[in-house]
Amino acid sequence: IKTSIFLSLEWINDVFPQAIEDEPEQPFSEADYRRRKPHPNFKEDINVEKQIIKLGKTDKTRFLTYVVASGLTYGAGENIFHYFFKNAWHGNADAVNIIGTGENIVPCIHVTDLGNIVVSVADSKPKTRYIVAVDDSMNSMTEIITSISTNLGTGKVMHITREEALLFPEITQKVFDTLSVDIRIEGGWIKEGAKFEWKAETGIIENMESVIAEYKKTRELLPIRLCVLGAPGTGKSLVASQLCQHYKLHHLKIADVIQEAVQKLERTAARAESEDNEDDDGAQQAQETLDLLNESKQENNDRYEDQYVIQFFNEKLLSMPCQNQGYVLDGFPKTYTQAKDLFGRKDEEEEEEGDEQPLEYNSKIMPEVVISLDANDEFLKNRIMNLPESVVAGTHNTEDLFVKRLTEFRAINTDDQTVLNYFDELEIHPHHVDITTDNTTNMAQVKLAVGALSYTIA
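Here's what I pulled together on the structure shown here. (Residues numbered from 1 in each chain as written. Predicted model: local features only at pLDDT ≥ 70, side-chain atom pairs only at ≥ 80, totals over all residues. Heavy atoms only, no water.)

Our focus in this paragraph is the sheet that holds strand E11 (residues 250–253). One key point about sheets: their strands pair by backbone hydrogen bonds, in either a parallel or an antiparallel sense. Taken together, the five strands give an open sheet; going across it, the order is E11-E12-E10-E13-E14, and neighbouring strands pair in parallel fashion. Bordering the open sheet on either side are E11 and strand E14 (431–434), each of which pairs with just one other strand. On average, each strand axis in the sheet is tilted by 20 degrees relative to the strand beside it, whichever way the strands run. Examined bridge by bridge, strand E10 (residues 224–230) and strand E12 (residues 326–330) share five bridges and lie parallel to one another. Within the sheet, the bridge partner assigned to Cys 227 lies in E12 and is Leu 329. Those strands touched by helix H10 (residues 236–247) are E10, E11, E12 and strand E13 (369–374), and its axis lies near 165 degrees from that of E10. Strands E11 and E12 of the sheet are contacted by helix H11 (residues 254–270), whose axis makes an angle of about 90 degrees with E11. (Pairing = 2+ DSSP bridges. Helix = DSSP H or I, 4+ residues; strand = E, 2+ residues; numbered from the N terminus. Axes fitted to C-alpha atoms, helices over the stretch in contact; angles between N-to-C directions. Contact = heavy atoms within 4.5 Å.)

This part covers the packing of helix H16 (residues 377–385) against helix H18 (residues 399–412). The description of two helices packed together rests on the angle between their axes and the distance between the axes. The geometry of H16 relative to H18 is characterised by a closest axis approach of 10 Å and an angle of 155 degrees between their N-to-C directions. Relative to H18, the element H16 lies roughly antiparallel. H16 and H18 meet at a crossing whose hand is right-handed. Packed against H16, whose contacting residues are Asp 377, Leu 380, Lys 381, Ile 384 and Met 385, the element H18 presents Glu 399, Phe 402, Leu 406 and Arg 410 at the interface. Tallied by class, the residues present in the contact of H16 with H18 amount to five nonpolar, no polar and four charged. (Parallel < 35°, antiparallel > 145°, perpendicular 65-115°, else oblique. Left-handed = near helix turned anticlockwise from the far one by under 90°. Nonpolar A, V, L, I, M, F, W, Y, C, P; charged D, E, K, R; others polar.)

This paragraph deals with the packing of aromatic side chains. Evaluation of the coordinates by the stated rule reveals nine aromatic pairs. Geometrically, the ring pair formed by Phe 196 and Trp 198 is tilted, given 4.9 Å between the ring centres and 45 degrees between the ring planes. With respect to burial, Phe 196 and Trp 198 carry one shared label: buried. Seen in terms of ring centroids, Tyr 422 and Phe 423 are 5.5 Å apart; in terms of plane orientation they differ by 80 degrees. Their pairing is edge-to-face. Taken individually, Tyr 422 and Phe 423 each receive the classification buried, so the pair is uniform in this respect. Counting every residue linked through ring pairs, the aromatic cluster contains Tyr 336, Phe 343, Tyr 422 and Phe 423. Sitting over the face of the ring of Tyr 66, Arg 129 holds its NZ or CZ atom 5.5 Å from the ring centroid. (Phe/Tyr/Trp six-rings, centres within 6.5 Å; stacked < 30°, edge-to-face > 60°. Buried < 20%, exposed > 50% of the residue type's maximum accessible area, 1.4 Å probe, protein only. Lys NZ or Arg CZ within 6 Å of the ring centre and 35° of its normal.)

To continue, consider the nonpolar core. Core analysis: the largest hydrophobic core is formed by 42 residues, its most contacted members being Phe 81, Phe 85 and Leu 179. Beyond its immediate sequence surroundings of up to four residues, Phe 81 is in contact with Leu 72, Thr 73, Tyr 74, Val 106, Cys 108, Met 141, Ile 144, Leu 179 and Ile 204. Judged by nonpolar contacts, the second largest core, of 36 residues, contains Ile 310, Phe 313, Leu 329 and Val 370. (Core = buried A, V, L, I, M, F, W, Y, C linked by side-chain atoms within 4.5 Å.)

Among covalent bonds in proteins, the disulfide is the one between the sulfur atoms of two cysteines. Following the criterion strictly, the structure yields zero disulfides and no others. In this structure Cys 322 is not part of a disulfide, and its nearest cysteine sulfur, from Cys 244, lies 9.5 Å away. (Disulfide = S-S within 2.5 Å.)

Taking 1.5 Å of rise per residue, the twelve residues of H10 would be expected to cover 16 Å, and the 16 Å separating its terminal C-alpha atoms lies within 8% of that figure. All of the buried residues along H10 are Lys 236, Val 239, Ala 240, Leu 243, Cys 244 and Tyr 247. Looking straight down H10, one finds its buried side chains confined to an arc of 135 degrees; they lie on one side. Of the exposed residues in H10, those oriented more than 90 degrees away from the buried face are Leu 238 and Gln 245. At the exit of H10 stands Lys 248, carrying a positive phi of roughly 60 degrees. (Expected span 1.5 Å × (residues − 1). Arc of directions from axis to C-beta.)

Pasting the structure below:
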């Protein structure tokens, strides 16, 4: 017996007027499909469905036909939801758009589960010829988009009108109609007769973490994590900036990371001044942290203690932009201890005295490529001294300040222990670039090291 299975998505735009009037909250089932009225834009598709079912009834001993009515598919590289995933991942906009009120109920199915259902139909040849393929979720569009934004973007959403939505090239009329579906429906045969192992039976929201991981992997959106180190005057910031421009990464400079973290604390603490937020625990905690920071700065020659700087960097590295696109660390960490405190993972049992354990690290924030710009002191001093006065004025590259910074760098990076040793011990061996040679090839060497990563740079 030959079996033909027709996948249909258009059914979700149809209307079941009688059922809606009787019990608006009651989910529809497979038995209701005969009573539906087609959406004006999908009449031809409904006629094809009817012809498929009719053909299967002509000679059941030789030819079987099925219509598998699929919910909106998600998973892998995404299809109908790609517009929302892409906007959340890029983070260019402050919020992810929701079309209309977003109160419409959207039936969904993971693409892997849909494939398993089709295989199950082909294997078992059920008596039911019209099969609904949806998961157990009955989420609204607002709930789905909010979850995407929270787990992949800023966490913010913005409602736009239907007219505004159609102005986006990704939102065609057919996509718009599909996203406008509003129906509660549940599967019958897939619960009672199908035999397969579900991947996401509870729905897209409950499985958002794994769905996002699939999306990134399928579309090769893995972050690039780099670290550029070297003595003062080696040109770390220039190389880091060029890498950021070339690979579209986030440039993490010490001063910028600290300033952003402090300003964020100040904004949070400012909420306590409002009468409506007098009991805001977050605002009070932020103010207490600011007080500790100011005290630390006064006691350490206008510098923040390492514990605070490391905390700021840790928060930044775990932020969505750095986790999505990646980053270039510019000149930090400076010491072995800072690197261990920033990237290391601590376990109380492993910190027992006298019990040495191998270094462990947080793979989510650890750089994959470390670039070390190398030069001797004489070369660096001559390089800075030959800079135009207009470039040096007002910076820490005046002769006295530069020599002081260089001396401090050499003092904390001895032959016995440098920050590079930390990465070596983890088998993340730094790529050394000698900047005393022809510097026209320096970036080529750096890009070659980055290009050696095991995945395609998206």
